[in-house]
Amino acid sequence: MTDDLTVATERVDDIPVLLSHAQKMGLPDLLDEHFPVHGNWAGTSLGWTLAVWLTHILSEGDHRLNQVQDWVAQRLQTLQMSTRQAVQALEWSDDRLGIGLDALSDGVRWRAFERALNRRTVRVYNLQRSRVRVDSTTASGYWTVTEDGHFQFGHSKDHRPDLPQLKVMLSALDPLGLPVVTQVVSGERADDPLYIPAIEEVSESLEEHGLLYIGDCKMGAIGTRAFIQAHNDYYLCPLAETQLPQELLATYLTPVWNEEQGLTKVTRTALDGTVEFLAEGYEQSVVVSHEIDGRMVSWRERRLVIRSLRQAKASEDALRTRLRKAQTELAQLNVAKQGKVRLDDVAGMRAAALAVLKRHRVDGLFKLAIDEHVQERAVRAYGDRPARLEIDRRVTLQATVDEQAVQATVRWFGWRVYATNHPQATLSLHQAVLAYREEYLVERGFGRLKGKPLSLTPMYLHSDTRATGLIHLLSIGLRILTLIEHQVRTGLAERQEKLAGLYAGNPKRTTHRPTAEVLLTAFKGVYLSTIVMGGQLRRHVTPLSELHVKILSLLDFPVEIYSQLVGEFPGPAG
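From a predicted model like this one, the values you see are computed outputs, not experimental measurements.

Conventions adopted
- Residues numbered from 1 in each chain as written.
- Predicted model: local features only at pLDDT ≥ 70, side-chain atom pairs only at ≥ 80, totals over all residues.
- Heavy atoms only, no water.
- Pairing = 2+ DSSP bridges.
- Helix = DSSP H or I, 4+ residues; strand = E, 2+ residues; numbered from the N terminus.
- Axes fitted to C-alpha atoms, helices over the stretch in contact; angles between N-to-C directions.
- Contact = heavy atoms within 4.5 Å.
- Buried < 20%, exposed > 50% of the residue type's maximum accessible area, 1.4 Å probe, protein only.
- Phe/Tyr/Trp six-rings, centres within 6.5 Å; stacked < 30°, edge-to-face > 60°.
- Lys NZ or Arg CZ within 6 Å of the ring centre and 35° of its normal.
- Lys, Arg positive; Asp, Glu negative; His and termini not counted.
- Salt bridge = Lys/Arg side-chain N within 4 Å of Asp/Glu carboxyl O.
- Parallel < 35°, antiparallel > 145°, perpendicular 65-115°, else oblique.
- Left-handed = near helix turned anticlockwise from the far one by under 90°.
- Nonpolar A, V, L, I, M, F, W, Y, C, P; charged D, E, K, R; others polar.

**Looking at the sheet that holds strand β5 (residues 212-214)**
Piece 1. Sheet architecture is open: nine strands sit in the order β4-β3-β2-β5-β6-β12-β9-β8-β7, paired in mixed fashion. Looking along the sheet, the strands with just one partner apiece sit at the ends: β4 (178-186) and β7 (264-269). The average undirected angle you get between the axes of adjacent strands in this sheet is 25 degrees.
Piece 2. Of the strand pairs in this sheet, strand β8 (residues 275-292) and strand β9 (residues 295-308) are connected by 14 bridges, and their pairing is antiparallel. Across the sheet, G281 pairs through a bridge with I306, a residue of β9.
Piece 3. Against the sheet, helix α10 (residues 246-257) contacts β8, β9 and β12 (415-420), and its axis sits at roughly 115 degrees relative to β12.
Piece 4. Those strands touched by helix α16 (residues 464-495) are β3 (165-173) and β4, and its axis lies near 160 degrees from that of β4.

The structure is reproduced here in structure tokens:
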């Protein structure tokens, strides 16, 4: 007679890492403190409910509410031992998660929570606070537009102006790109007025002034710059044409074109020691004045006149391509073929040529010569038609590139003027250019927020309230990814080491700057098996590899976050 054997397997993967990180950040306790629930709420607290859901989102790349309950049911032992909570799958139903989103959508409570989370994060991870990047993005979907709702038509950064959208304003701490303030507004709003509220919230949240705010040209509005100056902070941003008309830019560039103004080279040293020539420029200062809250604020502003070599070359290459295409089309105007309208007058040929130039955006860059040819042509008699003379009119076009005009256009390429009120002693022209070029940090955050693993778009919610709550939740997830990545990279830099074995198919490839996504993927394939045989229960966890142990060490987590999964939890299980 043989004993009955049953084996149950749970996918563990990166769950202990994510939940340990949530606990290190104090997420469950902070959520419970700032988002009280109705007295009828029972079982797992709201804080732990949202922490487990966030773990599901980061591990599975799926924010849909209806996927979580089954996921929890298949990982009860892992979740119970990782959270030390009496996990029951029913506590992650759609309705319960929806209540969590409703709670997170409360703007007042969210701001208080974000401030508390920032202060704890800065303290626990010993983060430096000197630069903050501010930018916005949009999330579009097939939503219903209501008069006062967030879902509105507006300028789409997703290139979908046909879809309603909402807008997310994100303020992130350099150099790791850690979100510190997340604001959700209606999709039709312009970016310019959103910067001051974002900066105010950052100041209150971090309880600090003297920060350098970095943004794009929409942050360059004079009112925003004056506000930052008045509150003893600093800014660095390019100036748009509304702030710096082309006529004024010409006065900055004329000394350069006349070789009267020397330029400072901006370089960057790569890891292999090679030096890359990025840009060149010079700076000057101007006195700026603007009224803020009924008082006039005046200050000296540094104007950094910078030419990006890569942008200049890309713009010139694009122009040359358009010139070639336009020249080919202009030559075809002289070719007569069946089914093609014949251009037999000067006005018609000129109109056609100008249309080609406009279509390729090369107006004024060609010299056009149009000649009209008139000759008599003898037509012989045919049938009852007598012989006769006909007038044959032909118009030809000769188009040549006006190289002088092209060079006059090319010399503008790559130039941009940046404005800052930061002292030169602590932010040189070279440092300012390199600082602005790290704008990809916040863009990368938006990429994570809207793509894998946070997957904001497509959004399956149609309620303004819950959409806001979900964005707030995902912004917490973005913090987790950012901190995991930052901590591992910092640890590798301090140890002067690299990680190998992260990339499938290339186990010898090493990196000193792994992404959070790659680090978490390394834990895929860790399983917890529960074996019952002859009335005896045993559990087994897939042994951790050297790579796993090293990652945990860099994150300052013990291997016990995995080995403890084989233990017994005293509370009730689902």
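Here the narrative resumes, following the displayed structure.
**Thoughts on the pairing of strand β2 (residues 131-140)**
Piece 1. Burial analysis of β2 places nine of its ten residues in the buried class, which makes it a mostly covered element.
Piece 2. Here β2 pairs with β3 via nine bridges, running antiparallel. Pairing of S140 across the sheet is with Q165, part of β3.

**Thoughts on the packing of aromatic side chains**
Piece 1. Throughout the structure, instances matching the rule amount to five aromatic pairs.
Piece 2. Both rings, one in F35 and one in F113, keep their centres 5.7 Å apart while their planes meet at 55 degrees; by these two values the pair is tilted. With F35 in the loop between α2 (27-34) and α3 (46-60) and F113 in helix α7 (residues 107-124), this pair connects stretches of sequence that are 78 residues apart. The same class applies to F35 and to F113, which are both buried.
Piece 3. The ring of W257 carries R411 above its face, with NZ or CZ at 3.8 Å from the centroid.

**A word on the side chain of R322**
Piece 1. Mapped onto the secondary structure, R322 falls in helix α11 (residues 309-332).
Piece 2. Lacking a salt bridge, the buried R322 has D363 as its closest oppositely charged neighbour, with an N-O distance of 8.2 Å.
Piece 3. Sequence-distant contacts of R322, defined by excluding residues within four places in its chain, comprise H360, R361 and V362.

**Observations concerning the packing of α11 against helix α12 (residues 346-359)**
Piece 1. The N-to-C vectors of α11 and α12 enclose an angle of 160 degrees; their axes lie 9 Å apart at closest approach. It follows that α11 is roughly antiparallel to α12 by the angle criterion. The two elements α11 and α12 meet at a crossing, and its hand is right-handed. For the pair α11 and α12, the contacting residues are A326, E329 and L330 in the first and A353, V356, L357 and R359 in the second.
Piece 2. Taken together, the residues of the contact of α11 with α12 sort by class into five nonpolar, no polar and two charged.

Note that all results are geometric; they support no functional claim without further evidence.
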